[in-house]
Amino acid sequence: MDGFQEQLWVLLLGSLLGLELIGKVPPTLHTPLMSGANAISGITMLAALTLMARSGENTLLLSLGSVALGFALFNVVGGFLVTDRMLTMFRSGRKRSGGSQ
Amino acid sequence: MSSAELFQGGLDLLAVALLALGIKGLSKIRSARAANQLAASAMVLAVVGLLVNAQPAAVAWIWMAGGAAVGGVLGAVTARLVPMTAMPETVALFNGCGGTSSLLVALGVLLAAKGDGLTPNLLVLVSIGFSIVVGAITCTGSMVAMGKLQGWLPTPGWMMSRWRHGCNIALATVVLLAAVLTVGGSSDALWPLVASASLLGIGLTLPIGGADMPVVISLLNSYSGVAAAAAGFVVGQRLLIVAGAMVGAAGLILTQVMCAGMNRSLPAVLFGGALGAPSSGSKGSSEYTNITSCSAEECALTLEAAERVVVVPGYGLAVAQAQHTLREVARLLEKHRVTVTYAIHPVAGRMPGHMNVLLAEADVPYEQLREMDVINPEFPATDVVLVLGANDVVNPQAKTDPDSPLYGMPVLDVQEARTVFVVKRGMSAGYSGIKNDLFERPNTSMLFGDAKQVLGNLLGELKILGVGQL
């Protein structure tokens, strides 16, 4: 019960932190921010890993965990890389325009 | 506490700090890229800490490596290959996979407990039920959103009627019942729970129109954070709870911001049905009568004489891959001492901020982009507006016709400019399927054709006129 209460506190404080962090986001960054936050939500991969580590030799659970891990990692790797791709373009766009004019 | 536990605890704390800094940094253009990398490294730290502490068996390592390799490689390839125009459906796809993962983990934990003949305590069972429901809704909802954005899924007619509310309420009731039974320890209710929650995800997303889809994606993004937090409760990991809660809350804020940008309330988006649904009535005058079309030559002549030109890029521009030709036209005009700026509607492109990404890809200087509130007062002093593949966001009906489904949506007041050129493939309706009064205005001329082709012709005409040639 204590553990659960502590977890509820963590949930509450985490939510407040999230509300606080996204203050004034310029419209330019809406798309990258969404895809970046999306990548973070793939953190369920930790839950998949935990499940697998606890599964012993149970093949059903291991394969289920493996699929879950695959989905989560698809989200994490894809999300971070695609966000980076977008943000790189922003940077170089600025730089080059500054150089040529 | 063992030293491995301490190690993991320390790394987790560090990871939370980095994630928070990452989310914070993503909201400023200068720090965004570093922030994204910071968040990514936080994830790596968390995985290392977990693996060191949990010490999985050899078999588990093999399964982990397999799943991670397949998911990681597919993710990397997708991220690299996907065109920037397809960003909304890409985010939806990634998001759906995150939700699916939470769903599978919750199922796995429940099956594991059943296999051991143990009953998890009530709180864990509630978390599992919650994780299954939110995970399943995120999964199918995101897939439907992706299908709709790709144009694979039309909205079936009955989904537009009131009917769907009854249908969704019935589904929600089944979900609730099955969830209560599952939490109560019944195994029979588990699969009905998964099935009904999945159907609910479809039922909630399918009726929502294409124009509102970005809001839905943002909301689903928030859900996938909630699903991650729920999974954190299931396996008892604080890091997941914090990270999931942060993403969930941030997603909600972003959803709000987007709704404000479109002047739509969240309930209207979720339950109001598709924009421009064939609602009969105000559709009487959907035929265009007074269209003036013109040639690239005339347009070039007008541009040559202009001092201030504003380009309104829309999704049609991106589809035609014409950003680069546009950039060349703009370069010529700039050399001719014409001031060229770009008016960016909050939902230009296919999701908020999407057009900025697409123009950045075409190397358009970032400083030339103007937000709607900044550019709107400047239209009366503008000589020429070039509307490229945008439609609903320049529809004056949104301000003048209270019966229009677009009424109230903030739009760019391009009709205030001296001359408006609209480049468009044909007279087909826009995203929302609503007639655009702008096209019939006396100061509007249409240039029909594919945006890239029209801009190519325009470029040729400008060169013939000697614009920008020193």
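Before reading further, recall that the structure is shown in the block above.
Because the structure is a prediction, the values reported are computed rather than measured. (Residues numbered from 1 in each chain as written. Chains lettered and ligands numbered in written order. Predicted model: local features only at pLDDT ≥ 70, side-chain atom pairs only at ≥ 80, totals over all residues. Heavy atoms only, no water.)

Colleague: Help me understand the overall build of chain B in this model?
Modeller: Within chain B, the regular secondary structure consists of 17 helices and 6 strands. A sequence separation of at least 24 residues applies to 78% of the contacts in chain B between residues at least 6 apart. Carbon and sulfur atoms make up 62% of the accessible area of chain B, which totals about 18,700 Å². Separation between the mean location of the 27 positive side-chain charges and that of the 29 negative ones in chain B comes to 4 Å. (Helix = DSSP H or I, 4+ residues; strand = E, 2+ residues; numbered from the N terminus. Contact = heavy atoms within 4.5 Å. Areas by Shrake-Rupley, 256 points an atom, 1.4 Å probe, with all protein chains shown as cover. Lys, Arg positive; Asp, Glu negative; His and termini not counted. Charge placed at Lys NZ, Arg CZ, Asp CG, Glu CD.)

Colleague: Any chance you could explain the packing of helix α3 (residues 45-53) of chain A against helix α4 (residues 87-115) of chain B here in plain terms?
Modeller: If you want to describe how two helices pack, look at the angle between their axes and the distance between the axes. One way to put it is that α3 of chain A packs onto α4 of chain B with a least axis distance of 9 Å and a crossing angle of 25 degrees. Compared by their axis directions, α3 of chain A and α4 of chain B come out roughly parallel. Handedness of the crossing formed by α3 of chain A with α4 of chain B: left-handed. In this structure, α3 of chain A uses A47, A48 and L51 of chain A to contact α4 of chain B, whose residues at the interface are V105, G108 and V109 of chain B. Counted by class, the contact of α3 of chain A with α4 of chain B contains 5 nonpolar, 1 polar and no charged residues. (Axes fitted to C-alpha atoms, helices over the stretch in contact; angles between N-to-C directions. Parallel < 35°, antiparallel > 145°, perpendicular 65-115°, else oblique. Left-handed = near helix turned anticlockwise from the far one by under 90°. Nonpolar A, V, L, I, M, F, W, Y, C, P; charged D, E, K, R; others polar.)

Colleague: Where do I start with the interface of chain B and chain A in this structure?
Modeller: In many analyses, interface size is given as the accessible surface area lost on bringing the parts together. Each partner contributes residues to the interface: chain B has 103 residues there, and chain A has 84 residues. Both sides of the chain B and chain A interface together cover about 8,300 Å² of buried area, and 76% of this is carbon and sulfur. Broken down residue by residue, the surface that chain B buries against chain A is led by R33, M43 and W63 of chain B, which jointly contribute 9%. Our count for the contact surface shared by chain B and chain A stands at 2 salt bridges. Put simply, E6 of chain A and R238 of chain B hold a salt bridge, and the shortest N to O gap is 3.0 Å. One can count 21 residue pairs in polar contact (both at pLDDT 80 or more) joining chain B with chain A. When residues of the side of chain B that touches chain A are traced back to their parent elements, those giving at least two are α1 (3-25), α2 (32-54), α3 (58-81), α4, α8 (213-235), α9 (238-262), α13 (323-335) and α14 (354-361) of chain B. Top element by residues in the side of chain B that touches chain A is α4 of chain B. It accounts for 17 residues. Of the residues assigned to the side of chain B that touches chain A, the class counts are 66 nonpolar, 25 polar and 12 charged. (Buried area = accessible area lost by both parts, 1.4 Å probe. Salt bridge = Lys/Arg side-chain N within 4 Å of Asp/Glu carboxyl O. Polar contact = N/O pair within 3.5 Å; in protein donor to acceptor, adjacent residues only side chain to side chain.)

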